[in-house]
Every structure is written in structure tokens, then in C-alpha cells.
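This is what each chain is made of:
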Amino acid sequence: MGVINSGFGGQRGSGHPRLPPGQTIADDWPVLTAGPTPDVTEDEWTFTIITESGAEHRWDWNALHALGVEDIVTDIHCVTHWSKLDMPWRGVPVERLFENVDTTYDYVMVESTGGYTTNLALDDLFDGQAWIATEAEGEPLSAENGGPARLLVPHLYFWKSAKWVSGMRLMPDDEPGFWEQNGYHLRGDPWQEERYW
Ligand SMILES: Nc1nc2c(c(=O)[nH]1)N[C@H]1C(S)=C(S)[C@@H](COP(=O)(O)O)O[C@H]1N2
Ligand SMILES: [Mo]
């Protein structure tokens, strides 16, 4: 019909409108962990938010679920260039854990069993942007993928989605976590290719 295909919408760039620059679609789900996989059971799992006053807000497995779980379908993007599109997840929105948390601070250090940390702005955690995830692809999260619970912040590179998440400590300023101290970007927006700094 005389359609001229000038490459618009074609393979130029990433080739998929939801694939950020420099990313490739992965069919499997690669496991990326710095160090050993900790063994955390649902029974012993807790999540603690610590504020500047020293107040500690703590949830166990049942208390987390009592906040209400949501089903999410989202894309994830690893800084090592793989992305997975349309992944089904289940988790509790992070803003629900902050409902009774009193703070004037704007950042958190996310902490995991095993010592992994990553920094995030509260602006990147609220309003349906982040979850404490307990299931992916219709199954409870495997230990390798961060089970029983991990952070899910899909609009940022996947290193921000801390596996075996155990808590958040409020911070007045943005301070680098584990990978950020080793050269990864403080924020990590895949659409801006904020990989390293
Ligand atoms: N606790 C912890 N969380 C972590 C990591 C880690 O090493 N330890 N690796 C991060 C990185 S670099 C990536 S890409 C993703 C990988 O998650 P996956 O193994 O489920 O694919 O987890 C992130 N969360
Ligand atoms: Mo990563």
C-alpha cells in the first residue's frame, strides 16, 4: 500500500516502546546476588522502619499481609542490560507501612538480611511506585529471588529492589548504599540510563 517504513517504530533504539535504552529482553529470570543466599523463613521474617526519633515500627509476616496485598504487572530492568516485561507480582504498597510513621526526612537506607543496603528517596517509594513483594509469577518468591520478601521498585534499576528486605532507616540526606558506594548511580532511572556515576 505504499507505506514507507523509515525505521519509525522499527528496530531502531531498543525495538520495544517499553524497553529503556541499552536493554535487551530476557526470557528467563537471571539471579544476581552479591554473596550467599540467606535462609529467612516467613515465621522469622520481620520488617522494621526506624525514624530520626529512634521510633521503631515493626511488622511480622501476618501484620504485613494485614496491610493488604496488591497484584501488580510490571517491567523490571537490570543495570546489566536485561529487562523482563509484563511480570506478575504480588505485594504490599510501601506507603501503607508509612501510614503511622512520623518523619521529616526524605530518604531511606533499605536494609537486607545478609548486609545488603540500597538508598532510596521517599518520593520513589510512595504512590504506587514500590512494594514489599512476596510473590512473583504466581509463586511465593524463591530464596534466590529474595524470598520470603523483597522490595520491588520497578521504575528504577533492579539493584534498588533489595532481596530479603528487613527494614528501612530514615535519613535526612541521600547516602549511597552497597552498589552505590561501588560506583552505581544514586538514583538509577533506566530511562535516563543512570547506571554509574
Ligand atoms: N539483598 C540483596 N538484594 C539484591 C541484590 C543482592 O545482592 N542482595 N542484588 C540486586 C541486584 S544487582 C539485582 S539485579 C537484583 C536481582 O534480583 P534477582 O536475583 O531476583 O533477579 O536484586 C537486587 N537486590
Ligand atoms: Mo543488578
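Small disclaimer: the values here were computed from a predicted structure and weren't measured.

A. Broad picture of the environment of His155. Mapped onto the elements, His155 comes out in the loop between β10 (150-152) and β11 (165-171). For His155 and Ala133, which are 22 residues apart along the polypeptide, the C-alpha to C-alpha distance reads 15 Å. Once you skip the residues sitting within four places of it in the chain, His155 turns out to touch Asp124, Gln129, Arg187, Asp189 and Pro190. Only 3.2 Å separates the side chain of His155 from the side chain of Gln129, close enough to count as a polar contact.

B. Looking closely at the side chain of Asp124. Checked against the element boundaries, Asp124 lands in the loop between β7 (117-121) and β8 (131-136). At a separation of 2.8 Å, a polar atom in the side chain of Asp124 contacts the side chain of Arg187.

C. Looking closely at the site of ligand 1. Ligand 1 sits among 19 residues. The nearest are Pro30, Ala34, Asn145, Arg150 and Lys163. Between ligand 1 and the protein, one listed contact pairs an oxygen atom with a backbone N or O atom of Ala34 at 2.7 Å. In this structure, Arg150 approaches ligand 1 through a side-chain N or O atom, which is 2.7 Å from an oxygen atom. Each residue belonging to the shell around ligand 1 can be placed in one class, and the counts come to 13 nonpolar, four polar and two charged.

D. Geometry of the sheet that holds strand β3 (residues 56-60). Pairing in this open sheet of five strands is mixed, and the strands run β3-β2-β11-β6-β7 from one edge to the other. Two strands lie at the open edges of the sheet, namely β3 and β7, each paired on one side alone. Neighbour-to-neighbour, the strand axes of this sheet turn through a mean angle of 15 degrees, independent of strand direction.

E. Quick peek at the pattern of salt bridges. One pass over the full model with this rule turns up 12 salt bridges. Two residues, Glu111 and Arg169, come together in a salt bridge whose shortest N-O distance is 3.3 Å. Highlighted residues: Glu111 in strand β6 (residues 107-112) and Arg169 in strand β11, separated in sequence by 58 residues. Residues Lys160 and Glu180 are paired through a salt bridge, measuring 2.7 Å at the closest nitrogen-oxygen approach. Of the two residues, Lys160 is situated in the loop between β10 and β11 and Glu180 in helix α3 (residues 178-181); the sequence distance between them amounts to 20 residues. Take Glu180: its relative accessible area is 1%, and that puts it in the buried class. Within this structure, Arg18, Asp75 and Asp86 form a network of salt bridges that share partners.

Conventions used here
- Sequence order as written defines residue numbering, which begins from 1 separately in each chain.
- Chain letters start at A and ligand numbers start at 1, both assigned in the order the entries are written.
- In keeping with the model being predicted, local features are shown solely for residues with a pLDDT of at least 70 and side-chain atom pairs are shown and tallied solely at 80 or more, while totals for entire chains, interfaces and linings include all residues.
- Think of the side-chain values as coming from all heavy atoms in the structure, minus any hydrogens and water.
- Only runs of H or I of at least four residues qualify as helices and only runs of E of at least two qualify as strands under DSSP, and these elements are numbered from the N terminus.
- Contacts between residues were defined by any pair of non-hydrogen atoms, one from each residue, lying within 4.5 Å.
- Throughout this description, a polar contact denotes any pair of N or O atoms lying within 3.5 Å of each other; where both atoms belong to protein, one of them has to be capable of donating a hydrogen while the other can accept it, and for residues adjacent in sequence the pair is counted only when both atoms sit in side chains.
- The rule for a residue being near a molecule or strand is that one of its heavy atoms must lie within 4 Å of it.
- Any residue outside Ala, Val, Leu, Ile, Met, Phe, Trp, Tyr, Cys, Pro, Asp, Glu, Lys and Arg is labelled polar, Gly included; the first ten of those are nonpolar and the last four are charged.
- Pairing between strands is defined by DSSP: at least two bridges between the two strands are required.
- Here an axis means a line fitted to C-alpha atoms, over the contact stretch when the element is a helix, while the angle between two N-to-C directions is reported on a 0 to 180 degree scale.
- The salt bridge criterion pairs a side-chain nitrogen of Lys or Arg with a carboxyl oxygen of Asp or Glu, the two atoms within 4 Å.
- Burial here depends on accessible area, computed with a 1.4 Å probe over protein chains only, as a share of the maximum for the residue type. Under 20% is buried, over 50% is exposed, and the range in between is partly exposed.

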